[in-house]
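# Coordinate analysis (summary)
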Amino acid sequence: MKNVSNDTVIKGTAVVSGVRYAKAVWISPRPELPQAGAVIEESQREAEQLRFTSAADAVAQRLKERSEKAEGAASEVLKATAGMVNDRGWRKAVQKGIKGGHPADYAVVAATTKFVTMFEAAGGVMAERTTDLRDIRDRVIAELRGEQEPGLPEVDEQVVLFADDLSPADTAALNTEYFVGLVTELGGPTSHTAIIARQLNVPCIVAVGEKVHKITAGEPVMVDGALGTVTLGADPDTARAAEQESKMLAERIAQWRGPAQTKDGHKVQLLANVQDGKAARIAATQSQAEGIGLFRTELCFLTATEEPSVSEQAEVYKKVLEQFPTSKVVVRSLDAGSDKPVPFASMADEMNPALGVRGLRVARANEALLTRQLDAVAQAAEELGRGDDAPTWVMAPMVATAREAKWFAGLCAERGLTAGAMIEVPAASLMADKLMPHLDFVSIGTNDLTQYTMAADRMSPQLAYLTDPWQPAVLRLIEHTCKEGKKYNTAVGVCGEAAADPLLACVLTGLGVNSLSAASTAIAGVGAQLASVDLDTCKRAAAAALDAEGATEARAAVRNVIQPA
Ligand code: PEP
Ligand code: MG
């Protein structure tokens, strides 16, 4: 992009690539929150309770209707948000406040604050959960007052949407015909907003910081989702040319057909990350995915208060497996805990949930929970008649030791399942030579591997510069894992968000990764990029990234070796 003299460039974290030039709009304001103090007459309290119930019901119903219209992760997010409005604990707390004399809007604020404080005190379990809570608070307050629902504004032209933070519900309801770009002050590269933006394939930049407020509604802006830049005052001709070029690249990507290989024929299996049957159907019918590289099973059960039976689970898993009847599907055992609390499997109140009992660790105290899940996967595969032509692999999240790998592999072997482990704890990478003899494959989870290598919370917008998979420290662990994988003849895949970045995908290929699993919408971009380079160039790019001082330098060094497709 050529800069013109009087422009201003604001930088954030790049999430979804693409250049767009359009007017900025800001998300509709949140309602002003009521202050404490007002008391309502005892005789009116019952009516006030009914008024709250009907406002909350209306909000829940709207979210439910949107969830039914949406697909994949978007639908799940909306469903989960609707579930929070219906949460009995939260509603009870509001009703209690009204019974004590608070007006409904203040009772909503007080109850929500109580829950937000609880979530945060529990160790900052999940930034998005508190964003969700505040979001439902604001929607219910607006409904109580008969005001416009906060969130997405009504627009009739293409715009770039700006927000402090997008609630998952807002992101999920985006109409991408009009909202052609997304920029947020907060958020991180692996937050729900980023994951959904990737699914919708809307150019997106997060964690821009307070400087995003320099942008006023109605101003034309140029957003470059690959560089993570927002340009104010860009020369319109230059901006339109850059947008055109990016659209042409998007077209080349749309024409790309798999299976993926480099220019000189080195094959890299491209697989999809999914969380349910719907997403698997989209991967099978609308992408070039050769199979599924990560089925996040815990996302099927985020609202389940009781563990589903083996047969119930098997039905859920079959919906995913049946979309790829003749290719590989990698099912991940429950990654409950930390940012993905599964009510029937998560630990309550931990000081540091991200470092606590999550993933495979949950099963140490409750092996039957894991074996019932493995039984369900085996049952699903058997009922669908899957054999060697349609391998069903199972992997455990958060494996840290060889002993854990051996234990998990043994349970899988008893059920005839092919066993693997995620490499997302640095110890697992460093000890790969001890883990691999027990396993058939490993899959590197770069989201957590980056979080734990850099000691930086993946949900923290302030730390987005550290939670960047381009960090050479992370790449060095991946290099080490690949070297050991070669020695032990163990397949090494990557299934974190790093696999969705076309240039980083070349680096990973150069490091020796055999398969890449990403959101379906990212697959063609990665495939088209790989098709434009040879393996030797990937190796040179990998060497340049490994040798860089930091993430920014690694990106720049690789851009010197490889031009974006
Ligand atoms: C990862 O950590 O990279 C990963 C793929 O798992 P999740 O994002 O579900 O934690
Ligand atoms: Mg992980």
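In the annotation of an unreviewed UniProt entry, the entry for the protein chain reads Phosphoenolpyruvate-protein phosphotransferase, and the organism field reads Corynebacterium gerontici. On record in UniProt, under Sequence similarities (unreviewed entry), the comment for the protein chain is "Belongs to the PEP-utilizing enzyme family." Taken from UniProt, the Catalytic activity (unreviewed entry) comment for the protein chain reads in full: "L-histidyl-[protein] + phosphoenolpyruvate = N(pros)-phospho-L-histidyl-[protein] + pyruvate".

Following the sequence through the fold, Asp388 ends up in the loop between α11 (367-383) and β12 (392-396). It is 9.2 Å that separates the C-alpha atoms of Asp388 and Lys328, two residues lying 60 residues apart in sequence.

Let us look at the side chain of Thr229. Within the secondary structure layout, Thr229 lies in strand β8 (residues 229-232). For Thr229, a relative accessible area of 9% gives the class buried. Residues in contact with Thr229, not counting those within four places in the same chain, are Val9, Ile10, Lys11, Ile205, Met222, Val223 and Asp224.

Okay, the packing of aromatic side chains next. All told, the structure shown has 6 aromatic pairs when counted by the stated rule. Summarising the aromatic geometry, the rings of Trp26 and Phe162 are spaced 5.8 Å apart at their centres and angled 35 degrees between planes, so their arrangement reads as tilted. Placement of the pair is Trp26 in strand β3 (residues 19-26) and Phe162 in strand β4 (residues 159-163), with a sequence separation of 136 residues. Taking the relative accessible area as the measure of exposure, Phe162 reaches 0% and is therefore buried.

In ideal tetrahedral geometry, four donors around a metal make angles of 109.5 degrees, whereas ideal octahedral geometry with six donors gives angles of 90 or 180 degrees. Glu424 (OE) and Asp448 (OD) make up the full set of protein donors to the magnesium ion (ligand 2), lying at 2.0 to 2.2 Å. Placement of Glu424 in the loop between β13 (418-423) and α13 (426-430) and of Asp448 in helix α15 (residues 446-453) is noted, with a sequence separation of 24 residues between them. Residue class for Asp448 comes out buried when judged on its relative accessible area of 2%.

A word on the sheet that holds strand β2 (residues 13-16). Here 8 strands make up an open sheet; going across it, the order is β1-β8-β7-β3-β4-β5-β6-β2 and the pairing mixed. Bordering the open sheet on either side are β1 (8-11) and β2, each of which pairs with just one other strand. With direction set aside, neighbouring strand axes in the sheet form an average angle of 30 degrees. Pairing of β3 with strand β7 (residues 220-224), which is carried by 5 bridges, proceeds in the antiparallel orientation. Across the sheet, the residue bridging to Val19 is Asp224, located in β7. Running over the sheet, helix α8 (residues 236-255) touches β3 and β7 and is turned about 115 degrees from β3.

Structurally, the protein chain comprises domain 1 (8-27 + 151-252), domain 2 (42-145) and domain 3 (256-561). Taking the mean C-alpha position of each, domain 2 and domain 3 sit 34 Å from one another. Buried surface at the junction of domain 2 and domain 3, summed over both partners, amounts to about 1100 Å²; 52% is from carbon and sulfur atoms. Run the count over domain 2 and domain 3 and you get 0 residue pairs in polar contact (both at pLDDT 80 or more). Secondary structure elements with two or more residues in the side of domain 2 that touches domain 3: α2 (72-85) and α5 (127-145). If one sorts the elements of the side of domain 2 that touches domain 3 by residue count, α2 sits on top with 5 residues. Split into classes, the residues belonging to the side of domain 2 that touches domain 3 amount to 7 nonpolar, 4 polar and 3 charged.

About the cut-offs
- Residues numbered from 1 in each chain as written.
- Chains lettered and ligands numbered in written order.
- Predicted model: local features only at pLDDT ≥ 70, side-chain atom pairs only at ≥ 80, totals over all residues.
- Heavy atoms only, no water.
- UniProt positions renumbered as here; feature names shortened; annotations may be inferred.
- Helix = DSSP H or I, 4+ residues; strand = E, 2+ residues; numbered from the N terminus.
- Buried < 20%, exposed > 50% of the residue type's maximum accessible area, 1.4 Å probe, protein only.
- Contact = heavy atoms within 4.5 Å.
- Phe/Tyr/Trp six-rings, centres within 6.5 Å; stacked < 30°, edge-to-face > 60°.
- Donors = N, O, S within 2.8 Å, 3.2 Å for Na, K, Ca; no water.
- Pairing = 2+ DSSP bridges.
- Axes fitted to C-alpha atoms, helices over the stretch in contact; angles between N-to-C directions.
- Domains from an automatic or database assignment.
- Buried area = accessible area lost by both parts, 1.4 Å probe.
- Polar contact = N/O pair within 3.5 Å; in protein donor to acceptor, adjacent residues only side chain to side chain.
- Nonpolar A, V, L, I, M, F, W, Y, C, P; charged D, E, K, R; others polar.

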